[in-house]
Amino acid sequence: AQSVAQPEDQVNVAEGNPLTVKCTYSVSGNPYLFWYVQYPNRGLQFLLKYITGDNLVKGSYGFEAEFNKSQTSFHLKKPSALVSDSALYFCAVRPRVESNYQLIWGAGTKLIIKP
Amino acid sequence: GAVVSQHPSWVICKSGTSVKIECRSLDFQATTMFWYRQFPKQSLMLMATSNEGSKATYEQGVEKDKFLINHASLTLSTLTVTSAHPEDSSFYICSASLQGAGDTQYFGPGTRLTVL
């Protein structure tokens, strides 16, 4: 079965330090890869996506993600964390061969940035 | 660009009543919209995929007669929770797909439904 794994339920980082939120996937082919962020009691906001090309993708709010084909990973990163980055982060994958545009979701990782 | 709105943002209703939630793509046309349900501290659960002008495709275990979906235009989809019960209380989120490479889904802000 196709799946997306976010191995950490929660990640704690001190403000100003670099952060990484991990995502690995088990999806056939070369899927599209996405990161979304959710603030409390809000919908999801699109951060970035990987379609093709450069393995390092830059997105909103200073976030970037690195695609690693051999490890089937798409880790989210930021060089210097802000307290306002504290939120719930979801990794999602869409198989290229599917035509219904559905996303396969990770369970989410709660990111806590401490002052 | 790519803004999706939802209305209402929250609603409280009595058991047995019906509630309609609207999802609109404000600045783009979305041939496909999605309805999700999210339980506290959990990921999103896809309920149905809605295509303009056709019947929605429901995920396994989702009652189509209880959760009525209408995708009347390229910018509007509605979800009606019929005869709501307390167990239907949840956070409902819609998304609209912007066609193009990757077909990014853009999400509405969500609707908090509480059934008393």
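Description of the structure in this document. (Residues numbered from 1 in each chain as written. Chains lettered and ligands numbered in written order. Predicted model: local features only at pLDDT ≥ 70, side-chain atom pairs only at ≥ 80, totals over all residues. Heavy atoms only, no water.)

On the side of chain B, 25 residues touch chain A, which itself brings 20 residues to the contact. In total, about 1,700 Å² of surface goes out of reach between chain A and chain B, with carbon and sulfur atoms giving 53% of it. Going through the elements one at a time, strand S5 (32–38), strand S6 (44–50) and strand S10 (87–94) of chain A are the ones with two or more residues in the side of chain A that touches chain B. Per-element tally for the side of chain A that touches chain B: the top contributor is S5 of chain A, with four residues. Grouping the constituent residues of the side of chain A that touches chain B by class yields 11 nonpolar, six polar and three charged. (Contact = heavy atoms within 4.5 Å. Buried area = accessible area lost by both parts, 1.4 Å probe. Helix = DSSP H or I, 4+ residues; strand = E, 2+ residues; numbered from the N terminus. Nonpolar A, V, L, I, M, F, W, Y, C, P; charged D, E, K, R; others polar.)

Turning our attention to the state of the cysteines. Residue and element names in this part refer to chain B. One pass over the structure, following the stated rule, counts two disulfides over all chains. Linked covalently through their sulfurs, Cys23 and Cys94 form a disulfide whose S-S length is 2.0 Å. Classification of the bridge connecting Cys23 and Cys94 rests on its S-S torsion, roughly 80°, and on that basis the disulfide is right-handed. Note that Cys23 is positioned in strand S3 (residues 19–25) and Cys94 in strand S9 (residues 90–97), a separation of 71 residues in sequence. Taken as a pair, Cys23 and Cys94 share a single burial class, namely buried. Here Cys13 stays free of any disulfide, with the sulfur of Cys94 as its closest cysteine sulfur at 18 Å. (Disulfide = S-S within 2.5 Å. Buried < 20%, exposed > 50% of the residue type's maximum accessible area, 1.4 Å probe, protein only.)

It is worth spelling out the sheet that holds strand S1 (residues 4–7) of chain B at this point. For sheets, the rule is that strands pair by backbone hydrogen bonds, running either parallel or antiparallel. Residues and elements named next belong to chain B. With antiparallel pairing, the four strands of this open sheet are ordered in space as S1-S3-S8-S7. Of all the strands in the sheet, just S1 and strand S7 (67–73) have a single pairing partner and so form its edges. Taken pair by pair, the neighbouring strands of this sheet meet at an average axis angle of 15°, ignoring direction. In terms of strand pairing, S3 meets strand S8 (residues 76–81) through six bridges, oriented antiparallel. Bridge pairing in S8 links Cys23 to Ser77. (Pairing = 2+ DSSP bridges. Axes fitted to C-alpha atoms, helices over the stretch in contact; angles between N-to-C directions.)

This part takes up the pairing of strand S5 (residues 44–51) of chain B. Residues and elements named next belong to chain B. Counting buried residues along S5, six of its eight residues qualify, which places the element largely inside the surrounding structure. Strand direction decides the pairing type here: strand S4 (residues 32–38) and S5, joined by seven bridges, are antiparallel. Paired with Tyr36 across the two strands is Leu46, which belongs to S5. Two elements, S5 and strand S6 (residues 57–58), share two bridges in a ladder whose sense is antiparallel. In the sheet register, Thr49 faces S6, and the bridge partner there is Thr57. The loop that links S5 with its antiparallel partner S6 comprises five residues; one of these, Gly53, has a positive phi angle of about 80°.

Attention now goes to the packing of aromatic side chains. In the structure shown here, the tally under the stated rule is 14 aromatic pairs over all chains. Between Phe34 of chain A and Tyr36 of chain A, the aromatic rings sit 6.3 Å apart at their centres with planes inclined by 25°, giving stacked as the arrangement. Ring pairs connect the aromatic residues Phe34, Tyr36, Phe46, Phe90 and Trp105 of chain A together with Phe28, Phe34, Tyr36, Tyr106 and Phe107 of chain B, which therefore count as one cluster. (Phe/Tyr/Trp six-rings, centres within 6.5 Å; stacked < 30°, edge-to-face > 60°.)

All quantities given are derived from atomic positions and should not be read as evidence of function.
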